[in-house]
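For reference, the chains in residue letters:
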Amino acid sequence: EAGVAQSPRYKIIEKRQSVAFWCNPISGHATLYWYQQILGQGPKLLIQFQNNGVVDDSQLPKDRFSAERLKGVDSTLKIQPAKLEDSAVYLCASSLVIPGLAGPDTQYFGPGTRLTVL
Amino acid sequence: RKEVEQDPGPFNVPEGATVAFNCTYSNSASQSFFWYRQDCRKEPKLLMSVYSSGNEDGRFTAQLNRASQYISLLIRDSKLSDSATYLCVVNKKGFQKLVFGTGTRLLVSP
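Residues numbered from 1 in each chain as written. Chains lettered and ligands numbered in written order. Predicted model: local features only at pLDDT ≥ 70, side-chain atom pairs only at ≥ 80, totals over all residues. Heavy atoms only, no water.

### Considering the sheet that holds strand 7 (residues 65–68) of chain A
Residues and elements named next belong to chain A.
- Overall, antiparallel pairing links the four strands, which are arranged 1-3-8-7 in an open sheet. Among the strands making up the open sheet, the edge pair consists of strand 1 (5–7) and strand 7. Each strand of the sheet is rotated relative to its neighbour by a mean of 15°, with strand direction disregarded.
- Pairing of strand 7 with strand 8 (residues 75–79) involves four bridges; the strand directions are antiparallel. Bridging across to strand 8, Ala67 finds its partner in Leu77. (Pairing = 2+ DSSP bridges. Helix = DSSP H or I, 4+ residues; strand = E, 2+ residues; numbered from the N terminus. Axes fitted to C-alpha atoms, helices over the stretch in contact; angles between N-to-C directions.)

### With respect to the interface of chain A and chain B
- Taken together, the contacts link 27 residues of chain A with 18 residues of chain B.
- For the pair chain A and chain B, the summed buried surface comes to about 1,700 Å²; carbon and sulfur atoms form 52% of the total.
- Applying the counting rule to chain A against chain B returns zero salt bridges.
- Of all elements in the fold, only strand 4 (31–37), strand 5 (44–50) and strand 9 (88–95) of chain A reach the threshold of two or more residues within the side of chain A that touches chain B.
- Looking at the side of chain A that touches chain B, the element that brings in the most residues is strand 4 of chain A, giving three residues.
- Each residue belonging to the side of chain A that touches chain B can be placed in one class, and the counts come to eleven nonpolar, 13 polar and three charged. (Contact = heavy atoms within 4.5 Å. Buried area = accessible area lost by both parts, 1.4 Å probe. Salt bridge = Lys/Arg side-chain N within 4 Å of Asp/Glu carboxyl O. Nonpolar A, V, L, I, M, F, W, Y, C, P; charged D, E, K, R; others polar.)

### Side note on the packing of aromatic side chains
- Summed over the entire model, instances satisfying the criterion amount to eleven aromatic pairs over all chains.
- Centre to centre, the rings of Phe65 of chain A and Tyr90 of chain A are 6.4 Å apart; their planes meet at 40°, and the pair counts as tilted. Remark: Tyr90 of chain A occurs in strand 9 and Phe65 of chain A occurs in strand 7; sequence separation between them is 25 residues. Each member of the pair, Phe65 of chain A together with Tyr90 of chain A, is buried.
- Through successive ring pairs, a cluster of aromatic residues spans Tyr33, Tyr35 and Phe109 of chain A together with Tyr36 and Phe100 of chain B. (Phe/Tyr/Trp six-rings, centres within 6.5 Å; stacked < 30°, edge-to-face > 60°. Buried < 20%, exposed > 50% of the residue type's maximum accessible area, 1.4 Å probe, protein only.)

### Some details on the state of the cysteines
- By the definition in use, this model includes two disulfides over all chains.
- Sulfur-sulfur distance for the disulfide between Cys23 of chain A and Cys92 of chain A comes to 1.9 Å. One quick way to see it: the torsion about the S-S bond of Cys23 of chain A and Cys92 of chain A is about -65°, and its sign makes the bridge left-handed. Of this pair, Cys23 of chain A sits in strand 3 (residues 19–24) while Cys92 of chain A sits in strand 9, and the two are 69 residues apart along the sequence.
- Relative accessible area serves as the criterion here: at 0%, Cys23 of chain A is assigned to the buried category.
- Note on cysteine connectivity: Cys23 of chain B is disulfide-linked to Cys88 of chain B, with sulfurs 2.0 Å apart. (Disulfide = S-S within 2.5 Å.)

### Side note on unusual backbone geometry
- In this model, Gln80 of chain A is joined to Pro81 of chain A through a cis peptide bond whose omega is -5°.
- In this structure, Pro81 of chain A sits in the loop between strand 8 and strand 9.
- The residue after Gly9 of chain B, namely Pro10 of chain B, is reached through a cis peptide bond having omega 10°.
- Here Pro10 of chain B lies in the loop between strand 1 (4–6) and strand 2 (11–14).
- You will see that Arg16 of chain A, though not glycine, has its phi angle at about 80°, which is positive.

So this is what it looks like as structure tokens:
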């Protein structure tokens, strides 16, 4: 079974530039998550989708970050404009279970996109 | 106070040693608990869920103390391949949102 795919794997940009990350979850997984993992910290949830709807984006800095999952399958996360503190690994994860209907299901993570903002 | 707290380590142990990690959580509404493993420059992967009665998977034992709001992970007979960061993760009932601790780094040496 194919895992969660992400691209690009690495990205280096200058501050104030824009960047976009792409994620393709495991086939059939209704729930998709974007996490930010800063060096030395655990992953922090940015946004959670159920199919193509947003379930939780309370920790997404909406003045500069946006995400979409238009067809309920793959998703993009965009940062515009980037700041130095956005340097991190951006992890995408997916799971089968629909929120609220059952307990948490295993989340499967993609390899991440390592972003460096100079 | 952080929602999930862990000692970042690193814990340096020789092969064959037994090592234990603890994690505390602040939200008493947390219902589900997990340990994830993250290798250097890799994505997190589920190691094991943590059940109220405690559970074991080979050399790994996880325990939960709801009264004190802490979770533990015990690794027996450490292997070099156990070197990684171990992330404590909690979840509230009815929510798919996982809250991760900062992780505890384990280094097993020959």
